[in-house]
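For reference, the chains in residue letters:
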Amino acid sequence: MAEQYDIAIVGGAMAGATLALALASQRRPDGGRWSVALIEAHPSAEPHHPGYDSRAIALAEGSVRRLERLGLWPALRSHAQPIDQIQVSDRGHFGGLTMTADEYGVDALGQVVELERVGPVLWQALSRHDNITLYCPDGLASFSQQQDRITLTLNSGTRIDARLVVGADGTGSAVRQQLNLGLERQPYHQHALIANISCDDHPGIAFERFTSEGPLALLPMNDRRYSLVWVQSPGEAARRMALSDNAFLTELQAAFGYRLGALTKVGQRVEYPLALCRAERTTHHRCVLVGNAAQTVHPIAGQGFNLGLRDVEALADRLNAALQSDSDPGSFALLAEYAEARAPDRSRVTAATDALVKLFSNPVRAMALGRNLGLLTLALFPDFKAGLAKSAMGWSGGRPR
Ligand SMILES: Cc1cc2nc3c(=O)[nH]c(=O)nc-3n(C[C@H](O)[C@H](O)[C@H](O)COP(=O)(O)OP(=O)(O)OC[C@H]3O[C@@H](n4cnc5c(N)ncnc54)[C@H](O)[C@@H]3O)c2cc1C
């Protein structure tokens, strides 16, 4: 006999866990709540967890507001480092751009969090809700769609019935594959090399530097550390992964310069191949994709989870309305409305990020000149810059409530 739920979420990393928490706290005046099953292949504190690894990500100001609204920010704040200023520069060229929190009347332009610290916080919060059942470690093996429900079979053999299945299972989404939903995949032939770096200075500034190899970002973290994301060709990434710590720091210092003083220590290095992946559709009968399962973007503009969290918020809002009116969480109307509402933001962010990757990875001189003029224009004309800041702060789809 299958266990019965309203909603089953496959994948309990950033998108799946935040969605489960958003749904678990929704309640009707008569006390009715959603029953939620969350299926995750890896325990949250597992080393090398695919969703909660040593990556640090920048949360836009809008995402922080969204997490506040979900009641999650108080627990995450102590693990976060505010970004007071963003400095963008182009190695070997004269263009540059600075954005400060003061200019935009906010406390911080964004916050940097380490996913391996966020994971256990989110999972502790999940375990406090008696209307969430955690299936972990366990994985989705297969599912079958019936008119009024979906039956999922897990690797353990457990069977679950749900009225709605959410695929929050990342770029290689098993839910998306089971549904045979098309995927547009465009490899960038670039790898992101990430590592934590210790340095002399720690001014709370996020740096993004464009080099002829690709962008290099350093995000401020606590304990006088910076999180490095260095985009480069697969060959260079492999070579730099094999360097000694000292040789690696010497190359990084040469590429980045001395804005942070001497770079003194590097932690474990990890490499990610980069590609744009976009599901052709995000909904199917009683199924919906959110986060990286729906779209995976290049980290150049730090938009991935910020975009995924807007999926989560939009879906949670519609499911809350369904709860209040005691209607079907997997109805065609609800899913169609969700897909339509998310389409413009998805296509704008994926297209803009792709265009940025192409612009800033191109070593051709005319392009370099063009982008320097672009950066200078942004620096000199605050109206243009305001557009960029709005996007960086995650307000493009409207300032969060
Ligand atoms: C180098 C780098 C830097 C980045 N920087 C930023 C940034 O600054 N700002 C930003 O917003 N974003 C950034 N991102 C993107 C961000 O990290 C991702 O968008 C986000 O973490 C994706 O979360 P997710 O939950 O959608 O997917 P994932 O993290 O991929 O999680 C999927 C989860 O599903 C589970 N799973 C998979 N298959 C199954 C199955 N069959 N059964 C059960 N469970 C399953 C996995 O174990 C995993 O826990 C960056 C990404 C990279 C690579």
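Report on the accompanying structure.

Cut-off values and rules
- Residues numbered from 1 in each chain as written.
- Predicted model: local features only at pLDDT ≥ 70, side-chain atom pairs only at ≥ 80, totals over all residues.
- Heavy atoms only, no water.
- Near = heavy atom within 4 Å.
- Polar contact = N/O pair within 3.5 Å; in protein donor to acceptor, adjacent residues only side chain to side chain.
- Areas by Shrake-Rupley, 256 points an atom, 1.4 Å probe, with all protein chains shown as cover.
- Helix = DSSP H or I, 4+ residues; strand = E, 2+ residues; numbered from the N terminus.
- Nonpolar A, V, L, I, M, F, W, Y, C, P; charged D, E, K, R; others polar.
- Salt bridge = Lys/Arg side-chain N within 4 Å of Asp/Glu carboxyl O.
- Buried < 20%, exposed > 50% of the residue type's maximum accessible area, 1.4 Å probe, protein only.
- Pairing = 2+ DSSP bridges.
- Axes fitted to C-alpha atoms, helices over the stretch in contact; angles between N-to-C directions.
- Core = buried A, V, L, I, M, F, W, Y, C linked by side-chain atoms within 4.5 Å.
- Contact = heavy atoms within 4.5 Å.
- Parallel < 35°, antiparallel > 145°, perpendicular 65-115°, else oblique.
- Left-handed = near helix turned anticlockwise from the far one by under 90°.

The next point concerns the site of the ligand. Around the ligand, the surrounding shell holds 33 residues, and the nearest of these are Glu40, Arg55, Ala58, Asn292 and Phe305. The contact in question runs from an oxygen atom of the ligand to an N or O atom on the backbone of Met14, over 3.3 Å. Between the ligand and Asn306 there is a distance of 3.0 Å, counted from an oxygen atom to a backbone nitrogen or oxygen. Within the complex, the protein chains bury 89% of what would otherwise be the 1,000 Å² of accessible surface of the ligand. Looking at the shell around the ligand, the elements with two or more residues in it are helix H1 (14–24), strand E3 (56–60) and helix H8 (304–324). The greatest single-element share of the shell around the ligand, amounting to three residues, is contributed by H8. Per-class residue counts for the shell around the ligand are 17 nonpolar, 12 polar and four charged.

In the structure shown here, the tally under the stated rule is 27 salt bridges. Among the salt bridges present, the one from Asp326 reaches Arg28, with a minimum N-O distance of 3.4 Å. Taken as a pair, Asp326 in the loop between H8 and helix H9 (332–360) and Arg28 in the loop between H1 and strand E2 (36–39) lie far apart in primary sequence, 298 residues in all. Among the residues examined, Arg28 registers a relative accessible area of 18% and is labelled buried. Residue Asp345 pairs with Arg310 through a salt bridge whose shortest N-O separation is 2.6 Å. Within this pair, whereas Asp345 is found in helix H9, its partner Arg310 is found in helix H8, the two being separated by 35 residues in sequence. Its relative accessible area of 8% is what places Asp345 among the buried residues. Taking the relative accessible area as the measure of exposure, Arg310 reaches 4% and is therefore buried.

Mapping Arg269 onto the fold places it in the loop between strand E16 (263–266) and strand E17 (270–279). Looking at Arg269, its side chain comes within polar contact range of the main-chain oxygen of Arg240, at 2.7 Å. In terms of polar contacts, Arg269 uses its side chain to reach the backbone carbonyl oxygen of Met241, at 3.4 Å.

Taken in spatial order, the three strands make up an open sheet running E3-E7-E4, and their pairing is antiparallel. At either margin of the open sheet sits one strand with a lone partner, and together these are E3 and strand E4 (81–83). For this sheet the average axis-to-axis angle between neighbouring strands, irrespective of direction, equals 30°. Here three bridges tie E4 to strand E7 (residues 110–114), and the two strands are oriented antiparallel to one another.

Counting 50 residues, the largest nonpolar core has Ile9, Leu23, Leu122, Val166 and Leu315 as the members making the most contacts within it. The contacts of Ile9, once residues within four sequence positions are left out, are Gly16, Leu19, Ala20, Leu23, Val36, Ala37, Leu38, Ile39, Val166 and Ala168. Formed by 26 residues, the second largest nonpolar core is a distinct cluster that contains Val106, Val231, Leu276 and Ile300.

To characterise two packed helices, one gives the angle between the axes of the helices and the distance between these axes. With their axes 10 Å apart at the nearest point, H1 and helix H4 (residues 115–127) run at an angle of 30° to one another. Regarding the angle of H1 to H4, the classification is roughly parallel. Judged by the sense of rotation from one axis to the other, the crossing of H1 with H4 is left-handed. Counted together, Met14, Ala17, Thr18, Ala20 and Leu21 of H1 and Leu115, Val118, Leu122, Trp123, Ala125 and Leu126 of H4 form the full contact between these two elements.

Attention now moves to the packing of helix H2 (residues 61–69) against H8. Between H2 and H8, the least distance of the axes is 10 Å, while the angle of their chain directions is 35°. H2 and H8 meet at a crossing whose hand is left-handed. Contacts from Ser63, Arg66, Leu67 and Arg69 of H2 reach H8 at Asn306, Leu309, Arg310, Glu313 and Asp317. Looking at the contact of H2 with H8 residue by residue, the class counts come to two nonpolar, two polar and five charged.

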